[in-house]
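Secondary and tertiary structure notes
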Amino acid sequence: VVSTQSTGSSGINAEYGKQWYQRRVRGVLNYYTNYYYKSNLRNCKMSSGLKGLKNPFLDLDQNGKVQAYYIWIDGSGENIRGKTRTLDEVPKSIADLPEWNFDGSSTNQSTGENSDVYIRPVSIFKDPFRRGENILVMCECYAPDDTPHPTNLRHECNELMEECKAEVPWFGIEQEYTLFDSSGKHPLGWPENGFPGPQGPYYCGVGADKIKGRTIVEAHYRACMYAGVKIAGSNGEVMPSQWEYQVGPCEGITMGDHLWVSRYILSRVAEEFDSVVSFDPKPIPGDWNGAGCHTNISTAVMREAGGMAHIITAIEAMSTKHKEHIEAYDPTKGADNARRLTGRHETARLHEQF
């Protein structure tokens, strides 16, 4: 405790002494107050997460219960949502998993007065984060009247896949993405002010001056393998902090399930490293490559001798639906891809006919 009373000694005016002591007290209090809050903010930041350390609570016994993380695509058509429920035993098949629901008004999926949206399991993967018997569950969305929700594109896709099942369609997806820091606005590892050097040395590069985020990439790869996602490879891309991984070959509707679960795992892994994943087709404007999701498809006859003739026939048929396909490739009916498909940076022009 510091007294604010003047000592009256050494000829110091009492009023002046009082003011002098008050200034000293304020200074001391400001110093310690600022130090206290700054110190605690630092401590809060340091203690806000495990910072790569193993979560000790995940070793606790689950008493025979299973945690099932239900995953679905929200009203944006591109973002993933999910929540956990407890199962009394390990499910032997999809039929053992219960239907569930969520509030669609919070995911831009409410269809009217009744905002309930029902989620039905369609595929199961092992959970690489909780491990053990815990699972990830990919789901379809249904409206309260039991019809496929307007955002449920998987339902129609599955019907089409069943119609052409005899063709044995195989899909392989090349998913490009960009890593950002925790703000979601600054590319991971880029200079705070300015830009990295021009594109050229980053594609499939090696070295800290060329590659950013490899720890996330390797963790994602291994997590997908553990989960049962059919990941096929990965590589650094043309723009720094940009990567690609491949999924497949997968037959029919399983391609979509494996791709969406791989995206969930990627975002969830990046979350552990305080990073954000962007699948935006052109996340950085200017002289930088965009990020695509390239789709490779073949049918049984295309993979046999003389298959090239069937490939050419398919390409010619698809060429008549170019505009329709472009509008289906992103939730903004092609507006997002218009920023990427400019004829530059290894792309064709948006409406260029092949």
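Residues numbered from 1 in each chain as written. Predicted model: local features only at pLDDT ≥ 70, side-chain atom pairs only at ≥ 80, totals over all residues. Heavy atoms only, no water.

Okay, the overall build of the protein chain next. Scanning the protein chain from terminus to terminus reveals 7 helices and 10 strands. For the protein chain, buried positions account for 36% of its 354 residues. Of all intrachain contacts in the protein chain linking residues separated by at least 6 positions in sequence, the fraction that spans at least 24 positions is 60%. Just so you have it, the protein chain exposes about 21300 Å², and 53% of that area is on carbon and sulfur atoms. (Helix = DSSP H or I, 4+ residues; strand = E, 2+ residues; numbered from the N terminus. Buried < 20%, exposed > 50% of the residue type's maximum accessible area, 1.4 Å probe, protein only. Contact = heavy atoms within 4.5 Å. Areas by Shrake-Rupley, 256 points an atom, 1.4 Å probe, with all protein chains shown as cover.)

This part covers the side chain of Asn 152. Checked against the element boundaries, Asn 152 lands in the loop between strand 5 (135-142) and helix 2 (153-163). A polar side-chain atom of Asn 152 sits 3.2 Å from a polar atom in the side chain of Glu 140. Polar contacts involving the side chain of Asn 152 include one to the main-chain amide nitrogen of Arg 154, which spans 3.2 Å. Setting aside chain neighbours within four positions, we find Asn 152 in contact with Glu 140, Cys 141 and Tyr 142. (Polar contact = N/O pair within 3.5 Å; in protein donor to acceptor, adjacent residues only side chain to side chain.)

With that out of the way, let us pick up unusual backbone geometry. The omega torsion of the bond from Gly 248 to Pro 249 falls at 0°, within 30 degrees of zero and hence cis. Residue position: Pro 249 is located in strand 8 (residues 242-251).

All right, on to the pairing of strand 1 (residues 66-73) then. Counting buried positions over the 8 residues of strand 1 gives 7, a clear majority of the element. Bridging between strand 1 and strand 2 (residues 80-87) involves 8 bridges; their strand directions are antiparallel. Note that in strand 2 the partner of Val 66 across the bridge is Leu 87. Count of turn residues in the strand 1/strand 2 antiparallel hairpin: 6 residues, of which Gly 77 carries a positive phi of about 80°. (Pairing = 2+ DSSP bridges.)

Mean pLDDT for the protein chain: 87, with 84% of residues reaching 70 or above. Here residues 1-12 scores under 50 on pLDDT; set against residues more than four positions off or in separate chains, the count is 14 contacts. (pLDDT = per-residue confidence, 0-100.)

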